Amino acid sequence: MAAMAELGHQPFEFIIQVPGRGHRIRREDLRCAMAESHPLQVTLDSFALRLFTQTAYTALSNAVHHVDTRLARWILMIDDVNQHPKFTPYRHRILTPLAG
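Residues numbered from 1 in each chain as written. Predicted model: local features only at pLDDT ≥ 70, side-chain atom pairs only at ≥ 80, totals over all residues. Heavy atoms only, no water.

K.L.:
Would you take a moment to explain the packing of helix H2 (residues 38-64) against helix H3 (residues 67-81) for this structure?
P.N.:
Any two packed helices are characterised by the angle at which their axes cross and by the distance between the axes. Two elements in contact, H2 and H3, have axes separated by 10 Å at closest approach and are oriented at 160 degrees. Relative to H3, H2 is oriented roughly antiparallel. Here H2 runs over H3; the crossing is left-handed. Contacts between H2 and H3 involve Gln54, Tyr57, Thr58, Ser61 and Asn62 from the former and Arg70, Arg73 and Met77 from the latter. For the contact of H2 with H3, the class distribution of residues is 2 nonpolar, 4 polar and 2 charged. (Axes fitted to C-alpha atoms, helices over the stretch in contact; angles between N-to-C directions. Helix = DSSP H or I, 4+ residues; strand = E, 2+ residues; numbered from the N terminus. Parallel < 35°, antiparallel > 145°, perpendicular 65-115°, else oblique. Left-handed = near helix turned anticlockwise from the far one by under 90°. Contact = heavy atoms within 4.5 Å. Nonpolar A, V, L, I, M, F, W, Y, C, P; charged D, E, K, R; others polar.)

K.L.:
I would appreciate a short explanation of H2 in the present structure.
P.N.:
Residues spaced three or four apart along an α-helix face the same direction, because each turn holds 3.6 residues. When the terminal C-alpha atoms of H2 are compared, their 39 Å separation across 27 residues agrees well with the 39 Å that a helix rising 1.5 Å per residue should span. Inspection of H2 places Leu44, Ala48 and Ser61 among the buried residues, and these make up the whole buried set. The N-capping residue of H2, defined by a side-chain oxygen 3.1 Å from the backbone nitrogen of Leu40, is Ser37. (Expected span 1.5 Å × (residues − 1). Buried < 20%, exposed > 50% of the residue type's maximum accessible area, 1.4 Å probe, protein only. Polar contact = N/O pair within 3.5 Å; in protein donor to acceptor, adjacent residues only side chain to side chain.)

K.L.:
What is the right way to read the pattern of salt bridges from this model?
P.N.:
Where charged atoms from two side chains of opposite charge come close, those side chains can pair. Scanning the model with the defined rule gives 2 salt bridges in all. One salt bridge connects Glu28 with Arg26, and the closest N-O pair in it is separated by 3.5 Å. The residue Arg26 makes a salt bridge to Asp29 at a minimum N-O spacing of 3.9 Å. By relative accessible area, Asp29 is classed as partly exposed at 38%. (Salt bridge = Lys/Arg side-chain N within 4 Å of Asp/Glu carboxyl O.)

K.L.:
I'm lost on a nonpolar patch on the surface in this one. Help?
P.N.:
A cluster of nonpolar side chains, Tyr57, Leu60 and Val64, forms an exposed patch at the surface whose accessible area comes to about 320 Å². On the secondary structure map, Leu60 appears in helix H2. (Patch = residues over 30% accessible without salt bridge, like charges linked within 9 Å, V, L, I, M, F, W, Y side chains within 5 Å. Areas by Shrake-Rupley, 256 points an atom, 1.4 Å probe, with all protein chains shown as cover.)

K.L.:
Would you take a moment to explain the side chain of Ser61 for this structure?
P.N.:
By the element assignment, Ser61 lies in helix H2. Given the relative accessible area of 4%, Ser61 is considered buried. Non-local contacts of Ser61, meaning those with residues more than four positions away in its chain, are made with Arg70 and Arg73.

This is the structure in structure tokens:
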């Protein structure tokens, strides 16, 4: 996200919490690819908008729902994007901070 907005750094730490792999791309390479490919730019802009929308709904949910509802929402969100056929068991140490 910082590379897309041409910011100097990303103020967050990224952690993969489900089985799988993450990929990285150098900031300069991403900017170059975005400049050369309008479809890539549109895809990344769409991703950013959806991520911000999801973040806003998460903040709303955290403000108005009890912990059990927030936990159920989080599990359903992870299940939606999890590419494994079986539901991945989540460890207590991961769920506790996310549930509040």
